[in-house]
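Architecture and fold: a report
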Amino acid sequence: MPSTEELLKRLGVNIDSETLRLALTHRSYAYEHGGIPTNERLEFLGDSVLGFAVTDHLYRQYPDLPEGDLAKRRSAVVSTRALAGIARSIGIGEFILLGQGEKLTNGKDKSSILADTMESLIGATFLNHGIEIARQLVMRLVAPLLQDVEVLGAGTDWKTAIQEVAAARKLGTIEYKVTGSGPDHARTYVAVLHIGGKPYGQGTGPSKKEAEQESASISWNMVNAGNTADK
């Protein structure tokens, strides 16, 4: 494992060694080491700091956007997917303290673990330096995502969106056909959305929910382009 000094350099902040170690301590590691404290309280704190910083930025940056659009943008950039992407770009996974079970199942690249650790590091920054330095860290991390159409799209509930458009156009009943493959600890799911008995978008993901959301997103675009999968 590389030195945590390298991690702090990537983050652009200083965090004392004790708080930093706590921020990197996943519950699986804590359990295997006698029930030492985990990073979950810091994650809870960081989640609030993250939400405040992003909300403040959006409110000031987009004075003409209605509340609903502001909420969608916030949801997109504070999502597990977005935070995990940030964590991967910084290389946080190699610094996380994991139990043997998580190590064996590539826990250092699991989106949920990466996102939670990202929030705990934001919480640790707040504890050490206060809200302004923590806010600056958040803005360095997430501001570029606010210009990323793909990330903002992740904040959309595509299953609801396709349900609404299918109903409005009287296309018929919606049904997701999902299959899974691979070992239990690394399952991959494939979802195909059928509307009125016709196949539309196919999505894949590590969970049924993510596969269905992707298939719904693709289907929404197909419906609006006037296509089906069998054309």
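So, how was this worked out
- Residues numbered from 1 in each chain as written.
- Predicted model: local features only at pLDDT ≥ 70, side-chain atom pairs only at ≥ 80, totals over all residues.
- Heavy atoms only, no water.
- Helix = DSSP H or I, 4+ residues; strand = E, 2+ residues; numbered from the N terminus.
- Buried < 20%, exposed > 50% of the residue type's maximum accessible area, 1.4 Å probe, protein only.
- Areas by Shrake-Rupley, 256 points an atom, 1.4 Å probe, with all protein chains shown as cover.
- Axes fitted to C-alpha atoms, helices over the stretch in contact; angles between N-to-C directions.
- Parallel < 35°, antiparallel > 145°, perpendicular 65-115°, else oblique.
- Contact = heavy atoms within 4.5 Å.
- Pairing = 2+ DSSP bridges.
- 1 Å grid on protein atoms, 1.4 Å probe; cavity = no way out; pocket = protein on both sides within 12 Å on 5 of 7 lines; lining within 4 Å.
- Points joined across faces, edges and corners; volume = space filled by probe spheres on them.
- Nonpolar A, V, L, I, M, F, W, Y, C, P; charged D, E, K, R; others polar.
- Expected span 1.5 Å × (residues − 1).
- Phe/Tyr/Trp six-rings, centres within 6.5 Å; stacked < 30°, edge-to-face > 60°.
- Lys NZ or Arg CZ within 6 Å of the ring centre and 35° of its normal.
- Core = buried A, V, L, I, M, F, W, Y, C linked by side-chain atoms within 4.5 Å.
- pLDDT = per-residue confidence, 0-100.
- Left-handed = near helix turned anticlockwise from the far one by under 90°.

As a further point, take the overall build of the protein chain. From N to C terminus, the protein chain includes twelve helices and three strands. Along the first, second and third principal axes, the C-alpha atoms of the protein chain reach 60 × 50 × 25 Å. For the protein chain, the residues scored as buried account for 40% of the 231 residues in total. Split by element, the accessible area of the protein chain, about 12600 Å² in all, is 51% carbon and sulfur.

Moving on to the packing of helix α6 (residues 80-90) against helix α8 (residues 111-129). Running from N to C, α6 and α8 cross one another at 80°; their axes reach a closest spacing of 8 Å. Classified by the interaxial angle, the pair formed by α6 and α8 is roughly perpendicular. Along its contact with α6, which presents T80, L83, A84, I86, A87, R88 and I90, the element α8 presents S111, S112, L114, A115, M118 and E119.

Take the sheet that holds strand β1 (residues 174-181) next. Reading across the sheet, the three strands line up as β1-β2-β3 and stay open at both edges, with antiparallel pairing between neighbours. Two strands lie at the open edges of the sheet, namely β1 and β3 (198-205), each paired on one side alone. Averaged over all pairs of adjacent strands, the angle between strand axes in this sheet comes to 20°, irrespective of strand direction. Two strands pair when backbone bridges link them, and strand β2 (residues 188-195) and β3 are joined in this way by six bridges, in the antiparallel orientation. Following the sheet pairing, V190 is matched in β3 by T204.

Okay, the layout of surface pockets next. For the second largest pocket, the calculated volume is near 160 Å³. Every residue lining the second largest pocket is counted, ten residues in all, and those nearest its centre are G93, I96, L98, K103 and K108. Partitioning the lining of the second largest pocket into residue classes produces five nonpolar, two polar and three charged.

Here we come to helix α9 (residues 131-142). When the terminal C-alpha atoms of α9 are compared, their 16 Å separation across twelve residues agrees well with the 16 Å that a helix rising 1.5 Å per residue should span. What α9 keeps buried is the set A134, L137, V138, M139, L141 and V142. At its buried positions, α9 is contacted by α1 (4-11), α4 (40-61), α5 (67-77), α6 and α8.

Before going further, it helps to examine the packing of aromatic side chains. Scanning the entire structure with this criterion turns up zero aromatic pairs. Lying across the ring of Y62, R73 places its NZ or CZ 4.8 Å from the centre.

Membership of the largest hydrophobic core comes to 42 residues, with the highest contact counts inside it found for M118 and L121. For this core, the elements supplying multiple residues, two or more each, are α1, α2 (17-23), α4, α5, α6, α8 and α9. The biggest single contributor to this core is α8, with seven residues. Once residues within four sequence positions are removed from consideration, L121 is found in contact with L11, I15, L20, A23, L24 and I92. Within the second largest apolar cluster, 13 residues are counted, among which are V165, I174, I195 and V223.

The backbone of N106 sits at a positive phi, close to 60°, despite the residue not being glycine. Position of N106 among the secondary structure elements: in the loop between α7 (100-104) and α8. The phi angle at K170 is positive, at roughly 55°, despite the residue not being glycine.

Turning to the environment of I218, a few remarks are in order. The topology assignment puts I218 in helix α12 (residues 208-225). Residues I218 and G201, spaced 17 residues apart in sequence, show a C-alpha to C-alpha distance of 5.0 Å. Setting aside its immediate chain neighbours within four residues, I218 contacts G201 and Q202.

The next thing to look at is the confidence of the model for the protein chain. When pLDDT is averaged across the protein chain, the result is 87; 92% of the residues are at 70 or more. The least confident element of the protein chain is helix α10 (residues 149-153), whose mean pLDDT is 55; the most confident is α2, at 96.

For the pair α4 and α5, the least separation of the axes is 10 Å and the interaxial angle reads 140°. Considered as vectors, α4 and α5 are oriented oblique to each other. Crossing hand, α4 versus α5: right-handed. From α4, G51, V54, T55 and L58 reach across to α5, where they touch L70, R73, R74 and V77. Grouping the amino acids of the contact of α4 with α5 by side-chain chemistry returns four nonpolar, two polar and two charged.

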